[in-house]
Each structure stands twice: as structure tokens, then as C-alpha cells.
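# Working through the structure, step by step
Here's the letter readout for the chains.
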Amino acid sequence: MGAVDRLLIVTSSPRLPAGVLSWPAWEALRSGPVRALDPETAQARAVRAAGIDVLAAPGAAAVRELARGGRTAVWLAGPGGDPDVVAALSELAATDDGVEVEVVTGSWDPPGARLLDVVAVMDRLRSPGGCPWDAEQTHQTLAPYLLEESYELLEAIEEDDVTHLREELGDVLLQVAFHARLAEERPDGERWSIDEVAADLVAKLIRRHPHVFADRVVGGVAEVAANWDEIKAAEKRRESVTDGVPLGQPALALAAKLQRRAAKAGLDVAAPGDGLGARLFAIVGEAVDADVDPEAALRATARTYRSALRAAEGASADGTD
């Protein structure tokens, strides 16, 4: 049996810098003539800069001819993977006994790589020629959507609906990406991007986890929480236990947060006034003392009540009592 013609398909992640390729990919590219649909992609230019010529070819048939006579030819896939060409080359492998087709992975998407796609899509939507609705939005007009998406995410968590949880997390992520994209358009001196958001978050997580990233030793979860509060207090330099408590949160959650802050600071301050508000505030205090989230407890009861209402509606529609 004569020598087998070889066709190598070199693929790479479009989310990594051009030229960042595995050693097997570089070996493959040096094993024979290299062809591509577009020889001017960033990857093709990087390969050419390494001394390997990349020429244009119309498709699978052209590169197949280069491998005749037991030779090796290489197809450098473009950013989209060239699915039509790859499918045609794969079909050759199934129908032509004289050729072997091998896919050589030049680079893989690292974890989190698709977040780069989120940034790219958001930039496209917001840029000239993008979406007119997206172009009109501001931090202020988007605020209600952030609140709505957060509540939809909370509902998915409460229902333990993994499918919707994934979707709603994406909707919340969109809000983060959108606000960060808007910040890139601010005047010089006020401008920042999602990279700064991510960098600030990473720095904060490292600072507040010295038992992971430094040499502090902890004895358990309680000490971790205490360290977090200590480090946070030093960072924020707050003058009051009420600093940093958002007043826009639901009333039950607000009351619980204030009472927990007071208890942690050793302050015993009675709720002012009387009436319904004072009674509700006292009930929240009972929940805090019992280490129960009053907002979650009331929401659970409300959800159970909703189910009971629906059951009653169904019974009424059936003509039963």
C-alpha cells in the first residue's frame, strides 16, 4: 500500500490572542502547505509572522489536491471554524481511502472565555449601526430592569428551577455588562470598563480571603465571617453602623439589616413610635433573634398562599366548594 495523503485541520479559539497555539498545532503547520479561506485573518497573519506561508484556497477540494502523492496539506480554520470546509474534508475521509483527515486543536477556550462574547455583543449593540433601543439607554433607565431581573432570579432560586436559574443569571449578567458598557462612554476621568469592574472584584475577594490567599489561619465559618467584617470595616472607614445599608431594599429586609447591625455593634435601641409599623418591626426583631430571614419567610408564606388561591380558583371553576 502506498503512502497515505494527509489533511490536517488546525483549529483555534477566536477568544485567545492570535499566535497562541499548541506545540502540536505548530508542528502541523510546518508539515506541509497551509491554506485558508481568508489568509488575512489575525491568526493567519500570526502564522505568517512565524515564517509559515498561508495562502488562500476556495475550499476542501483545493487543499485535497495539495496532498496528492502521500504528501501532507494543512487547512487553517478561520475564527468561525469554517464548518462547511471541515464537513467537506470529513466527508473525504469517509469516502476516499487514500486520504486521512485529522483535526489538530491549536487552542482551547479557557474557563470564562464566553464572557468575552458578552462584551463583544454588548459593544455591537451599543455602537453606531447597532440597536436603537440599546443606544438610548442610560444607567437611570436601566435601573428598573436590574431590579426586575434580580427578582426573577430570586424566584428561580426559590422554585429550585435550575433551567430558569441559568437563564435569569444571564439576564442579570446582561445588566452588569450593559452598565459597564455605558461607563466606557463617560467623559475622560470618569470612564471605566467591565475590566475595571472585574479587577476590583478580584482584588476585593483576595483581600477579604486572607485565609485562602495569605497566611491567616481560621478556625471555621464564624471566624471567616468575622474576618470579612473586620477587613470590610477597615476598607470602608464607616462612621455609623447604618452606613452602607441601602434604604431602597424591601422594608422587611431593611428592618432586619438595621437590627442585625445594631446587635453586632452592641446597641440596644428601641424602635420609635407605635402602631402597625412598630409591631412589624418587632416581628422582624423576633426573626433576627431566631436567625430567620423575615423577607424569605414572608415570601415563602405568600407563595404558599398563592398556591392555595389557585387551588380555590380551580375548585370554583369545577363547581365544587
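Note: the structure precedes this text.
Residues numbered from 1 in each chain as written. Predicted model: local features only at pLDDT ≥ 70, side-chain atom pairs only at ≥ 80, totals over all residues. Heavy atoms only, no water.

This part is about a positive patch on the surface. Together, K204, K236, R238, K257 and R260 line one region of the surface with positive charge. Here K257 is to be found in helix α12 (residues 251-264). (Patch = residues over 30% accessible without salt bridge, like charges linked within 9 Å, V, L, I, M, F, W, Y side chains within 5 Å. Areas by Shrake-Rupley, 256 points an atom, 1.4 Å probe, with all protein chains shown as cover. Salt bridge = Lys/Arg side-chain N within 4 Å of Asp/Glu carboxyl O. Lys, Arg positive; Asp, Glu negative; His and termini not counted. Charge placed at Lys NZ, Arg CZ, Asp CG, Glu CD. Helix = DSSP H or I, 4+ residues; strand = E, 2+ residues; numbered from the N terminus.)

Negative phi characterises most residues that are not glycine, and trans characterises most peptide bonds. The backbone phi angle of D82 is positive, close to 50°, even though this residue is not glycine. For D82, a relative accessible area of 12% translates into the label buried. Residues other than glycine seldom take positive phi values, yet D160 does so here, at roughly 55°. If you trace the backbone, D160 turns up in the loop between α7 (139-158) and α8 (162-183). (Buried < 20%, exposed > 50% of the residue type's maximum accessible area, 1.4 Å probe, protein only.)

To continue, consider the packing of α7 against α8. With their axes 8 Å apart at the nearest point, α7 and α8 run at an angle of 160° to one another. Overall, the two elements α7 and α8 adopt an arrangement that is roughly antiparallel. The hand of the α7/α8 crossing is left-handed. Between α7 and α8, the contacting residues are H139, L142, Y145, L146, E149, S150, E152, L153, A156 and I157 on the first element and H164, L165, E168, L169, D171, V172, Q175, F178, H179, L182 and A183 on the second. Its residues assigned to classes, the contact of α7 with α8 comprises 12 nonpolar, five polar and four charged. (Axes fitted to C-alpha atoms, helices over the stretch in contact; angles between N-to-C directions. Parallel < 35°, antiparallel > 145°, perpendicular 65-115°, else oblique. Left-handed = near helix turned anticlockwise from the far one by under 90°. Contact = heavy atoms within 4.5 Å. Nonpolar A, V, L, I, M, F, W, Y, C, P; charged D, E, K, R; others polar.)

Another aspect to go through is the packing of helix α5 (residues 114-126) against α8. Running from N to C, α5 and α8 cross one another at 55°; their axes reach a closest spacing of 10 Å. When the interaxial angle is binned, α5 and α8 end up oblique. For the pair α5 and α8, the sense of crossing is right-handed. Of the residues in α8, those touching α5 at L115, V118, M122, D123 and R126 are L173, L174, A177, F178, R181 and L182. Here the residues of the contact of α5 with α8 sort into eight nonpolar, no polar and three charged.

Attention now goes to helix α2 (residues 42-49). Along α2, the residues that are buried comprise Q43, A44, A46 and V47. Projected down its long axis, α2 shows its buried positions confined to an angular sector of 160°, all on one face. Looking at the buried positions of α2, the neighbouring elements they touch are α1 (23-29), β3 (54-56) and β4 (72-76). (Arc of directions from axis to C-beta.)

All quantities given are derived from atomic positions and should not be read as evidence of function.
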